[in-house]
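What follows is the residue order along each chain.
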Amino acid sequence: MARSKTDILQGTLALLVLRTLSSRGSLHGYAITQHIQRGSNELLRVEEGSLYPALHRMSQDGLIKGKWGITDKNREARFYAITAAGKKALAEEEDAWRRLAQGVSLILNFA
Amino acid sequence: MSWIHRLGNAFRPNRLDAELQRELDFHLSEKAEELAAKGMSPSAARLEARKRFGNRTLAQEEARGMNLFGWLDSLLADVRYAMRSLRASPGFASVAVLSLAFGIGANTAIFSLTNALILRSLPVNHPEQLVKLAMGSPDNDTFTNPLWERVRDNVAPFAGAVAYAPSGFNMSKGGLVRRVPGAWVSGDFFRELGVQAVAGRMLQVSDDHRGCAPTAVVSEGVAQSEFGGASSAIGKTIPLEGKTFDVVGVVDPRFFGLEVGRYPGVYLPQCAQQLMYGHDVLDARSRWYLNILLRPHAGVTPEQLDARLKSLAPGIFAATVPANFAVGQQVEYRKNTFSSYPASNGMSQLRSSYSAALYILMAVVGVVLLIACANIANLLLARAAARQREIAIRLAIGAGRGRIVRQLLTESLLLSIFGAALGVLFARWASRLLVGYLSSDTRTVWLDLSIDGRVLGFTLAVATLTATIFGLAPAWRASKVQPQAALKSGGRGMTDGDAKQRVGRSLVVAQVALSLALVACSGLLLGSFRKLITLDPGFRSEGVLLVNMHFKDTGLEEPARAVLQGQLLERLRHQPGVVAVGASLITPLGNMGWNESVAVADFGASNPRDSVSYFNQVSDGYFAAMGTRLVAGRDMRADEIAAKRPVAVVNEAFVKHFLGRTNPIGRTLRIVTGDSLGIPREIVGVVADAKYQSLDEKPLETTYLPLNQGDPGLEDLNYEIRIDRDAAAVVPAIRALVTEANPAISLEVATFSGQVAASLARPRLLATLSGFFGALALLLAVIGLYGTMSYNVTRRRNEIGVRMALGAARQQVMRMVLGEAGRLIALGIVFGALISFASTRFISSMLFGLSATEPAVFGIAVVLLAVVAGAAALVPAWRAAQLDPMDALREE
């Protein structure tokens, strides 16, 4: 089962995180991994070791914003939310991804 | 995220770390809980969560690496590491730091002198706006008072105009002279330049008018020495040249007038010349002594300014034609026009005589620093070889090569920063010493040597540059280390062959070449200096006192004054310890000159310059006292002088130029003034050529007239007194004698040899410093050669051992090492000779009696370098030959 899981392509992690945050509002890191894994029917696996560096890079770039909060289990966690700049970046990334996917599938199907 | 935030992150790495820690902890516990919910035991779940997370430290580090200033952290680590590794080898560190301190310090010292003398702006209001008025060329920048007054009264085209004339004043009444440097200034001078008083007030326009009261502004130094402080000076009086001036203010100590190199103690209004020198001095149309600075209106371009000056000039010059000029000269005078030149850094005689010398010294110390850099690079190379193992280990456990280079460069930079810090201290001391060197008994040089931004920037740039020069090669080489090979070879440094030594060898060749160039340069300068001090100047300066006497305050006029002067001559001759006495208007090499056109029968001058002779007025016995040889005829007699008989003595150059081979005795000469001929004067004697203004001049045609004949009046007279004992034993008696003769006479005592030495200040400075730096360069090069050869011998121990075991004789081993050294030296000498031939012509203007490529000097330099360098190579060669092959091989 572990074999069929796909490691996330370099650079798409940001796209997935942004998409997750834009649809689900504010989430902590663990919830983000959960959402991506479940939302992809366990097809995608988030490399946890690279998630946090990615989150920090994105908050330094102003795409997301981190804030300490309390989970429903009453524990402290850092919640991330998408910013306006993040939404703009998301639209661009989505567009780019779709074109890439379209191109790749065209080649796979007809070449 | 704003940059402020990032900056904040950089300085709060701990908080950031802690947050990240908590975030990761939370993640792991959530994960563990999830796994436990699926049925794992809590401890197994925790373990599994960690396993799945992967390298937690790496994640943490990666997140932290995003701090903008994360590199700051690693820089600090580099610095700490570099400090540790330098502390571990204190010998190397102190040698490197000290030689850098010396090299950078010498550069900073010469630069701060250059800065103070040439680059720095005057400490006045907007110095960049100031322009200097001149006539045609920037050196032609002195004006008469009538010209200045007309410029001042036509000032409308300018925002401001000031006049300045350096001078010196005697502060005592009778007895020994106390001279204070001073300046004449126009009334608007201080206001226009924005110079404030620290006590009282500055001179102002109302102080400077015809018939003005005697007012003065003094420096803090004069206020302190004469009145005990700035505030107590106000309202007091100060005697200057026998006249009494009211002190109205004390000037800001940062201000030093307009002439860089002097520090006036007294400023007097221009109009007060009348009080000091007589009623018509302000109208004298042939006294050229005033500098004029203008401040153009804002927005006026240099072209516009020039046009305005050109339109002003004809009127001003037409109104100030000197009456005594010949008709032709008057026409020439009217053709004069004004030009202007930037004057933000003021005027300076010192600058014009020393700037070329300073540039030469700057180049010399730059080369010395380069040689020192090569030495340190060599040391670092050897050190890098020894540290191969350490570097290999660091590479093996994952250090990036860039990181290693950075770390080694940090070490170099640290060395040069320490060197620069020490160097600045050294420079402060050395530049003061140099300024002292420029001063003489008669001229005190003052320069503002405070360290400003420009000097600091220079030092910093030099330090960084040197660190890059000596640090780059070793760092680059270290980054090439192959960890496996280096670790396997057991740190013996035998891994890579000859290529590695190439850098070290090239450095030695460069050192030898550069030091040869410096040795050749200093050889030329020393040779010139030797020629200057050993040439026959036409007089013997040792044992001659120069006593300058001022008769103005005696109130005596001709002929009574001349009688007193003659009596003094006689009385001095009877003084114990005095061998001979003469008196003259001018003393040789004393910065004073007098020339006139002369007319001699049968001599047709091809151009006006051709008929010029230099002049002096002398007493009987002058030539004997000076040790100047009489070649033909006789000396003037005292009774001739008293009777004002028109006689003259000329020198050999005069005879050669004006009279040719005919017998000069009995011929006559006349002084030509304007359109008129003076009285005929009979030549009664011929003397040997004697130096007049400087030791390096060609023989000047010179005419000696009897005292008190000719244009300049003799209110001041120099007595030349040849003595046969120590000056200290004779001077008090001379002073007493003069005071007894007339207490109103004031006098200055100096030695003639001191005056001769002062005239040699520049060649002596150049010879001394270049000699010192040349020797230093040689020493550094020799150390470099010795170090490289010793290192090579150590490195080749095994090889030499094998050679000897296989039957090589000790002489062969020695020859092998010496041969290698010889090749390096020979190559260095070839390059050095080329550099020298290309560069010594830049000092040709400083040479006397030697050409810039004097073969003898070059030959001596080459031999000296070869011998000294060869001697340095002998030691390692001998050591190689003494090697015991058994010992060397047993180590294998």
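Conventions we followed
- Residues numbered from 1 in each chain as written.
- Chains lettered and ligands numbered in written order.
- Predicted model: local features only at pLDDT ≥ 70, side-chain atom pairs only at ≥ 80, totals over all residues.
- Heavy atoms only, no water.
- Helix = DSSP H or I, 4+ residues; strand = E, 2+ residues; numbered from the N terminus.
- Rg over C-alpha atoms; globule rule 2.2 N^0.38 Å.
- Buried < 20%, exposed > 50% of the residue type's maximum accessible area, 1.4 Å probe, protein only.
- Contact = heavy atoms within 4.5 Å.
- Areas by Shrake-Rupley, 256 points an atom, 1.4 Å probe, with all protein chains shown as cover.
- Polar contact = N/O pair within 3.5 Å; in protein donor to acceptor, adjacent residues only side chain to side chain.
- Pairing = 2+ DSSP bridges.
- Axes fitted to C-alpha atoms, helices over the stretch in contact; angles between N-to-C directions.
- Parallel < 35°, antiparallel > 145°, perpendicular 65-115°, else oblique.
- Left-handed = near helix turned anticlockwise from the far one by under 90°.
- Phe/Tyr/Trp six-rings, centres within 6.5 Å; stacked < 30°, edge-to-face > 60°.
- Buried area = accessible area lost by both parts, 1.4 Å probe.
- Salt bridge = Lys/Arg side-chain N within 4 Å of Asp/Glu carboxyl O.
- Nonpolar A, V, L, I, M, F, W, Y, C, P; charged D, E, K, R; others polar.
- Core = buried A, V, L, I, M, F, W, Y, C linked by side-chain atoms within 4.5 Å.
- Expected span 1.5 Å × (residues − 1).
- Bend = angle between axes of the 7 residues up to and from the residue.
- Patch = residues over 30% accessible without salt bridge, like charges linked within 9 Å, V, L, I, M, F, W, Y side chains within 5 Å.
- Disulfide = S-S within 2.5 Å.

Draft legend 1. Molecular detail of the overall build of chain B. When helices and strands are tallied, chain B shows 30 helices and 23 strands. Computed over the C-alpha atoms, the radius of gyration of chain B is 38 Å, more than 25% above the 29 Å expected from 2.2 N^0.38 for a compact globule of 892 residues. Overall, the C-alpha framework of chain B stretches about 130 × 75 × 55 Å when taken along its three principal axes. Classification of the 892 residues of chain B by burial places 50% in the buried group. Put simply, of all contacts in chain B between residues at least 6 apart along the chain, 80% involve residues at least 24 apart. Accessible area of chain B: about 40,100 Å², with a carbon and sulfur share of 59%.

Draft legend 2. Spatial organisation of the overall build of chain A. For chain A, the count of helices and strands is four helices and five strands. For chain A, the α and β elements follow one another from N to C terminus as β-α-β-α-β-α-β-β-α. Evaluated residue by residue, chain A yields a buried proportion of 41% over its 111 residues. Considering only contacts in chain A between residues 6 or more positions apart, those separated by 24 or more positions represent 52%.

Draft legend 3. Quick peek at the side chain of Thr83 of chain A. Residues and elements named next belong to chain A. Here Thr83 lies in the loop between strand E5 (76–82) and helix H4 (84–110). Owing to a relative accessible area of 16%, Thr83 belongs among the buried residues under this scheme. A polar contact of 2.7 Å, which involves the side chain of Thr83, links it to the backbone oxygen of Gly62. The residues contacting Thr83, other than those within four sequence positions of it, are Gly62, Leu63, Ile64 and Lys65.

Draft legend 4. Local environment of the sheet that holds E5 of chain A. All names here are of chain A. Spatial strand order, E2-E5-E4: three strands in an open sheet with antiparallel pairing. For this open sheet the edge positions go to strand E2 (27–28) and strand E4 (64–70), each flanked by a neighbour on one side alone. Pairing geometry for E2 and E5, over two bridges, is antiparallel. Across the sheet, residue Leu27 finds its bridge partner in E5, namely Tyr80.

Draft legend 5. Main features of unusual backbone geometry. One non-glycine residue, Asn74 of chain A, adopts positive backbone phi at about 65 degrees. Within the element layout of this structure, Asn74 of chain A appears in the loop between E4 and E5. Here Asp602 of chain B, not a glycine, exhibits a phi torsion of approximately 70 degrees, which is positive. Within the secondary structure layout, Asp602 of chain B lies in the loop between strand E14 (595–600) and strand E15 (612–618). Using a relative accessible area of 78% as the deciding quantity, one classes Asp602 of chain B as exposed.

Draft legend 6. Examining the packing of helix H26 (residues 761–795) of chain B against helix H29 (residues 855–881) of chain B more closely. Residue and element names in this part refer to chain B. As a packed pair, H26 and H29 sit with axes 9 Å apart at the nearest point and diverge in direction by 25 degrees. With respect to each other, H26 and H29 are oriented roughly parallel. In the packing of H26 onto H29, the handedness of the crossing is right-handed. Counting all contacts with H26, which are made through Leu778, Val782, Leu785, Tyr786, Met789, Ser790 and Val793, the residues of H29 involved are Leu864, Leu865, Val868, Ala869, Ala872, Ala873, Val875, Pro876, Arg879 and Ala880.

Draft legend 7. Here's a closer look at the environment of Leu824 of chain B. Residue and element names in this part refer to chain B. You can see Leu824 is positioned in helix H28 (residues 810–839). Owing to a relative accessible area of 8%, Leu824 belongs among the buried residues under this scheme. Sequence separation between Leu824 and His550 is 274 residues, and the spatial gap between their C-alpha atoms is 66 Å.

Draft legend 8. Representation of the packing of aromatic side chains in the model. All names here are of chain B. One pass over the structure, following the stated rule, counts 28 aromatic pairs over all chains. Each ring, one from Phe111 and one from Phe458, has its centre 4.0 Å from the other, and the planes form 5 degrees; the classification is stacked. With Phe111 in helix H6 (residues 90–119) and Phe458 in helix H17 (residues 453–478), the pair connects residues that are 347 residues apart, well separated along the chain. Residue Phe111 shares its accessibility class with Phe458, and that shared class is buried. A centroid spacing of 4.9 Å and a plane angle of 85 degrees characterise the contact between Phe623 and Tyr704, whose relative ring orientation is edge-to-face. Pair noted here: Phe623 is in helix H21 (residues 622–626) and Tyr704 is in strand E21 (residues 702–706), with a separation of 81 residues, a long-range link. By the burial criterion, Phe623 is buried, and Tyr704 matches it.

Draft legend 9. Structural view of the interface of chain A and chain B. The interface of chain A with chain B comprises 23 residues on the first partner and 22 residues on the second. Summing the contributions of chain A and of chain B, the shared interface buries around 2,300 Å²; its carbon and sulfur component is 49%. It is Tyr30, Tyr52 and Gln60 of chain A that lose the most area in chain A upon contact with chain B, and together they represent 32% of the buried surface on that side. Applying the counting criterion to the chain A and chain B interface returns six salt bridges. Residue Glu30 of chain B is joined to Lys73 of chain A by a salt bridge in which the shortest nitrogen-to-oxygen separation is 3.8 Å. Seen at the junction of chain A and chain B, the total is eight residue pairs in polar contact (both at pLDDT 80 or more). Listing elements by their share of the side of chain A that touches chain B, those giving two or more residues are helix H2 (29–39), helix H3 (48–60) and E5 of chain A.

Draft legend 10. Up close: the packing of helix H15 (residues 388–396) of chain B against helix H16 (residues 401–438) of chain B. Residues and elements named next belong to chain B. It is at 10 Å that the axes of H15 and H16 come closest, and there the two elements cross at 140 degrees. When the axes of H15 and H16 are compared, the pair comes out oblique. In terms of crossing hand, the pair formed by H15 and H16 is right-handed. Facing H15, whose interface residues are Ile391, Arg394 and Leu395, H16 presents Arg401, Ile404, Gln407 and Leu408. In the contact of H15 with H16, the residues fall into four nonpolar, one polar and two charged.

Draft legend 11. Local environment of the nonpolar core. Counting 121 residues, the largest nonpolar core has Phe189, Phe190, Phe255, Tyr267, Leu447 and Phe470 of chain B as its most contacted members. If you look at the next biggest cluster of nonpolar residues, it comprises 68 residues, including Val600, Met626, Tyr704 and Leu714 of chain B.

Draft legend 12. Structural detail: helix H14 (residues 349–386) of chain B. Residues and elements named next belong to chain B. Between the first and last C-alpha of H14 there are 55 Å, a value that for 38 residues agrees with the 56 Å anticipated at 1.5 Å per step. Maximum bend of H14: about 45 degrees, positioned at Ser355. For H14, the N-terminal cap is Ser348; the gap from its side-chain oxygen to the backbone nitrogen of Leu350 is 3.3 Å.

Draft legend 13. Layout of a nonpolar patch on the surface. A contiguous nonpolar surface patch, about 400 Å² in accessible area, is contributed by Trp97, Leu100, Val104 and Leu108 of chain A. Inspection of the secondary structure assignment puts Trp97 of chain A in helix H4.

Draft legend 14. Highlighting the state of the cysteines. Residue and element names in this part refer to chain B. For the coordinates displayed, the defined rule picks out one disulfide over all chains. Disulfide pairing is shown between Cys212 and Cys271; the S-S distance is 1.9 Å. Its S-S torsion of approximately 105 degrees makes the covalent link between Cys212 and Cys271 right-handed. A residue pair is termed long-range when its members are at least 10 positions apart, and Cys212 in the loop between strand E5 (197–200) and strand E6 (215–218) and Cys271 in the loop between strand E9 (266–269) and helix H11 (273–277) qualify at 59 residues. You'll find Cys212 and Cys271 in the same group, each marked buried. Cys373 takes part in no disulfide bond, and the closest cysteine sulfur, belonging to Cys521, lies 19 Å away. Note on Cys373: relative accessible area 1%, which makes it buried.

By themselves, these observations are geometric and do not establish any function.
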